[in-house]
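Chain by chain, the residues:
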Amino acid sequence: MFQGTCSNAGKSLLTAAVCRLLARRGLSVAPFKAQNMALNSFVTEQGEEMGRAQVLQAAACGLPADVRMNPVLLKPTSHTGSQVIMLGRPVGRMRVGEYLRYKAEAWKAVRRAYDELSTGMDVMVLEGAGSPAEINLRAHDIVNMRMARHAGAHVLLVADIDRGGAFAALVGTMSLLGRADRARVAGYVLNKFRGDASLLDPALAAVSRRTRRPFLGVVPMLEDLRLPEEDSVSFKLGITPGLSAPHAADGDAARAEDCLDIVLVDLPHISNFTDLDALRVEAGVRLRVARRGDELGAPDLVILPGSKNSIADMRFLRQSGLAGALRGYAQRALKEGRGVLAGICGGLQMLGQDIADPLNLEEGGSEPGLGLLPLTTELGCVKCLRRTSGRALAALAGEELAVTGYEIHHGRSGPSAAEVETKAAALTPLLTDHTGQALGWGLAGADGAARVWGTYLHGVFDADAFRHALLNRLRRERGLAPLAGAAYGLGPELDRLADAVEAGLDMTAVYRLLGLNIQ
Ligand SMILES: NC(=O)CC[C@H](N)C(=O)O
């Protein structure tokens, strides 16, 4: 089991890497994290919701995603409350105290999920959350040492040396753990290291001497991995205003003027920004983030992403000056026939006339949207959770093409009352699901190309042919030559991750801990 000395120490990727290495040895292996707090979730084939990191780890194992790999998912809607997802289904929005009272039930479900999932597996690779030394949380722990005890797991403690204070964090964590928990810690992994590893030796020896545990690995900082992120922490560090994505395939080599300028609007409750991952693999794309109206500029494509609190984030758009900037951008795009504003899920809702939350599922009340699309949204108690495939009509990318993805939303959107009455400015369905039902709507300019559109489909950019056609349409508008485009797939990146971790981690020692006879 990987546990960290802090959040974002890199446990998820180490877990994915070790899953991949074990699967490559022909072992049956599955990942497990009892409880996740994240707004990047995913929908399984069964229409159940779970954390993105365990989906990636499942892919590393060659397994379909299974909610038992992440039985509890907390999706924060505010600083003190979260929507609680149990085994893929929402059970309600709870404040911290309510959740603590609910914990005994959650722990029962966690154990059942683990016991079922681990039956028949050669190895389970577990991931903790945050730090096991948060002694204020220890009494309610269901994700770190309590889980390790239940699984009988050895613990590898991961410290993030890039953040600083890693040696003190390791020694301090060990000293705060109780004796029995300390005994579970088999060794340390120093993660995200840059520089000359030989300079570390005296420090590693000193920490090992003091705590009587070996370092089982020093893993380098893995730059430009094109893998989905679990939470917003690294995303917000990764793409800052004015900087290109570190993942763009031709990265710094491409001249800015030869690249499409794509802006992601950052939102306080941004969710499912993994929707952008497919764009990040493309050469000739510069991705930047805008958090204020004056940061928007004149990009080729603006993406208004998903949100776990559409009403609060709509208010943020107003306060930050983004609402006015986005409206101006969209009106220019429609008039001049250049540029696209695309909203995904919560972003689609914000493009409309208004958003209402009568059941107080997120923020409560209602709020006018940007008023760009003649649709209204109401959040209802039934959460739509499904994997979806469909068609993007020619107005989006120049030809009708297949799209795939998933839906996670309480909102139902449809033509606004005024729209139904006047039948003017037809709200054209631009994306449809496999049954022909509308999944997205938009407005086209004089040339017939959609300039403002939104969809409930997360992952809308994942299908290679659609993404390439859309980007090349935008390139042509800018007078740039079309590009062949990259393939978006996780397999090769997972292998690259596994190779890099294998080079830094003493896998022989890991296999020995697992009782496996592998050299
Ligand atoms: N994933 C999203 O963006 C969800 C949008 C909104 N919070 C809803 O549930 O309807």
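No experiment lies behind these values; they were computed from the predicted model shown.

Student: Please explain the site of the ligand as it appears in this structure.
Tutor: Near the ligand you find 15 residues, and of these Ser307, Gln349, Glu362, His410 and Gly411 are the closest. At 2.9 Å, a backbone N or O of glycine 346 approaches an oxygen atom of the ligand. Histidine 458 has a polar side-chain atom sitting 3.2 Å from a nitrogen atom of the ligand. In the complex, the protein chains occlude 97% of the 300 Å² of accessible area that the ligand would expose alone. Looking at the shell around the ligand, the elements with two or more residues in it are β17 (306–307), α12 (346–351) and β22 (401–415).

Student: What is the right way to read the pairing of strand β23 (residues 428–433) from this model?
Tutor: Working note: regular strand, side chains alternate between the two faces of the sheet. Here 3 bridges tie strand β21 (residues 375–392) to β23, and the two strands are oriented antiparallel to one another. Paired with glycine 390 across the bridge in β23 is aspartate 433. A loop of 4 residues connects β23 with strand β24 (residues 438–444), the two strands running antiparallel in sequence, and glycine 436 in this loop sits at a positive phi of about 95°.

Student: Looking at this structure, how should I read the domain arrangement of the protein chain?
Tutor: Annotation of the protein chain at the domain level lists domain 1 (2–225 + 492–513) and domain 2 (233–477). Measuring from the centre of the C-alpha atoms in domain 1 to the corresponding centre in domain 2 gives 32 Å. Summed over both partners, the interface of domain 1 with domain 2 comes to about 1,900 Å²; 51% of that surface belongs to carbon and sulfur atoms. Its largest share of buried area at the contact with domain 2, domain 1 owes to Asn40, Val43 and Thr77, together 27% of the area lost on that side. Counting the contacts that link domain 1 with domain 2 gives 2 salt bridges. For arginine 387, the salt bridge identified is with glutamate 45, shortest N-O distance 3.3 Å. Only β4 (41–43), β6 (72–76), β7 (81–86) and β8 (89–95) provide two or more residues apiece to the side of domain 1 that touches domain 2. Its residues placed into classes, the side of domain 1 that touches domain 2 shows 7 nonpolar, 8 polar and 7 charged.

Student: What should I look at first to understand helix α2 (residues 52–61) in this one?
Tutor: Judged by how many residues are buried, α2 sits mostly within the fold: 9 of 10 residues are covered. Buried within α2 we find Arg52, Ala53, Gln54, Val55, Leu56, Gln57, Ala58, Ala60 and Cys61.

Student: Explain the confidence of the model for the protein chain to me, please; I cannot follow it from the model alone.
Tutor: The predicted coordinates should not be examined in detail at positions where pLDDT is low. Chain-level statistics for the protein chain give a pLDDT mean of 91 and a share of 93% at 70 or above. Per the prediction output, this complex has pTM 0.78; the corresponding ipTM is 0.94.

Student: When you look at the nonpolar core in this model, what are you seeing that I'm missing?
Tutor: Across soluble globular proteins, you tend to see nonpolar side chains buried next to one another. Counting 69 residues, the largest nonpolar core has Leu317, Leu326, Trp453, Phe461 and Phe466 as the members making the most contacts within it. With near-sequence residues (within four places) excluded, leucine 326 lies in contact with Val265, Leu296, Val302, Leu304, Leu317, Leu341, Leu370 and Leu372. Counting residues in hydrophobic clusters, the runner-up holds 55 residues, among them Leu157, Phe193, Phe215 and Ile408.

Student: Where do I start with unusual backbone geometry in this structure?
Tutor: The bulk of non-glycine residues show a negative phi, and the bulk of peptide bonds are trans. A positive phi angle is found at asparagine 8, which is not glycine, with a value near 60°. In this fold, asparagine 8 is placed in the loop between β1 (2–4) and α1 (11–24). A relative accessible area of 18% places asparagine 8 in the buried class. Of note, the phi angle at asparagine 272 is positive, near 55°, even though the residue is not glycine. Tracing the backbone through its elements, the reader meets asparagine 272 in the loop between β14 (270–271) and α9 (277–280).

Student: What should I look at first to understand the pattern of salt bridges in this one?
Tutor: Where charged atoms from two side chains of opposite charge come close, those side chains can pair. All chains considered together, the criterion is met by 33 salt bridges. Two residues, arginine 451 and aspartate 447, come together in a salt bridge whose shortest N-O distance is 2.9 Å. One network of salt bridges, in which partners are shared, links Arg20, Arg24, Asp495, Asp499 and Glu502.

Student: I keep staring at the sheet that holds strand β3 (residues 35–37) and nothing clicks. Help me out?
Tutor: Two strands in a sheet stick together by hydrogen bonds in their backbones, pointing the same way (parallel) or opposite ways (antiparallel). Judged by pairing direction, the sheet is mixed, and its 4 strands sit side by side in the order β3-β6-β7-β8 without closing on themselves. Two strands bound the open sheet, and with one partner strand each, they are β3 and β8. The sheet shows a mean angle of 20° between the axes of neighbouring strands, direction not considered. The pairing of β6 with β7 spans 5 bridges and is antiparallel. Considered in β7, the bridge of valine 72 is made with methionine 86. Contacting β3, β6, β7 and β8, helix α3 (residues 96–118) crosses the sheet at an angle of about 145° to β8.

Student: Explain the packing of aromatic side chains to me, please; I cannot follow it from the model alone.
Tutor: Two aromatic rings are characterised by how far apart their centres lie and by the angle between their planes. Taken as a whole and assessed by the stated rule, the structure comprises 5 aromatic pairs. When the centroid spacing of 5.2 Å and the interplanar angle of 65° are considered together, the rings of tyrosine 188 and phenylalanine 215 count as edge-to-face. Of this pair, tyrosine 188 sits in strand β11 (residues 185–193) while phenylalanine 215 sits in strand β12 (residues 215–220), and the two are 27 residues apart along the sequence.

Student: Looking at this structure, how should I read the side chain of lysine 33?
Tutor: With respect to the helices, strands and loops of the structure, lysine 33 is situated in the loop between β2 (29–32) and β3. Residue classification places lysine 33 among the buried positions, given a relative accessible area of 7%. A distance of 3.2 Å separates a polar atom in the side chain of lysine 33 from a polar atom in the side chain of glutamate 127. Sequence-distant contacts of lysine 33, defined by excluding residues within four places in its chain, comprise Gln54, Met69, Asn70, Pro71, Glu127, Gly128, Ala129 and Val143.

Student: Looking at this structure, how should I read the packing of α1 against helix α16 (residues 491–504)?
Tutor: A packed helix pair is summarised by two numbers, namely the angle formed by the two axes and the spacing between the axes. Contact geometry for α1 and α16: axes closest at 8 Å, N-to-C directions at 95°. Relative to α16, the element α1 lies roughly perpendicular. Facing α1, whose interface residues are Leu13, Leu14, Ala16, Ala17, Arg20, Leu21 and Arg24, α16 presents Gly491, Leu494, Asp495, Leu497, Ala498, Asp499, Val501 and Glu502. Of the residues that constitute the contact of α1 with α16, the class distribution is 9 nonpolar, 1 polar and 5 charged.

Rules behind the numbers
- Residues numbered from 1 in each chain as written.
- Predicted model: local features only at pLDDT ≥ 70, side-chain atom pairs only at ≥ 80, totals over all residues.
- Heavy atoms only, no water.
- Near = heavy atom within 4 Å.
- Polar contact = N/O pair within 3.5 Å; in protein donor to acceptor, adjacent residues only side chain to side chain.
- Areas by Shrake-Rupley, 256 points an atom, 1.4 Å probe, with all protein chains shown as cover.
- Helix = DSSP H or I, 4+ residues; strand = E, 2+ residues; numbered from the N terminus.
- Pairing = 2+ DSSP bridges.
- Domains from an automatic or database assignment.
- Buried area = accessible area lost by both parts, 1.4 Å probe.
- Salt bridge = Lys/Arg side-chain N within 4 Å of Asp/Glu carboxyl O.
- Nonpolar A, V, L, I, M, F, W, Y, C, P; charged D, E, K, R; others polar.
- Buried < 20%, exposed > 50% of the residue type's maximum accessible area, 1.4 Å probe, protein only.
- pLDDT = per-residue confidence, 0-100.
- Core = buried A, V, L, I, M, F, W, Y, C linked by side-chain atoms within 4.5 Å.
- Contact = heavy atoms within 4.5 Å.
- Axes fitted to C-alpha atoms, helices over the stretch in contact; angles between N-to-C directions.
- Phe/Tyr/Trp six-rings, centres within 6.5 Å; stacked < 30°, edge-to-face > 60°.
- Parallel < 35°, antiparallel > 145°, perpendicular 65-115°, else oblique.

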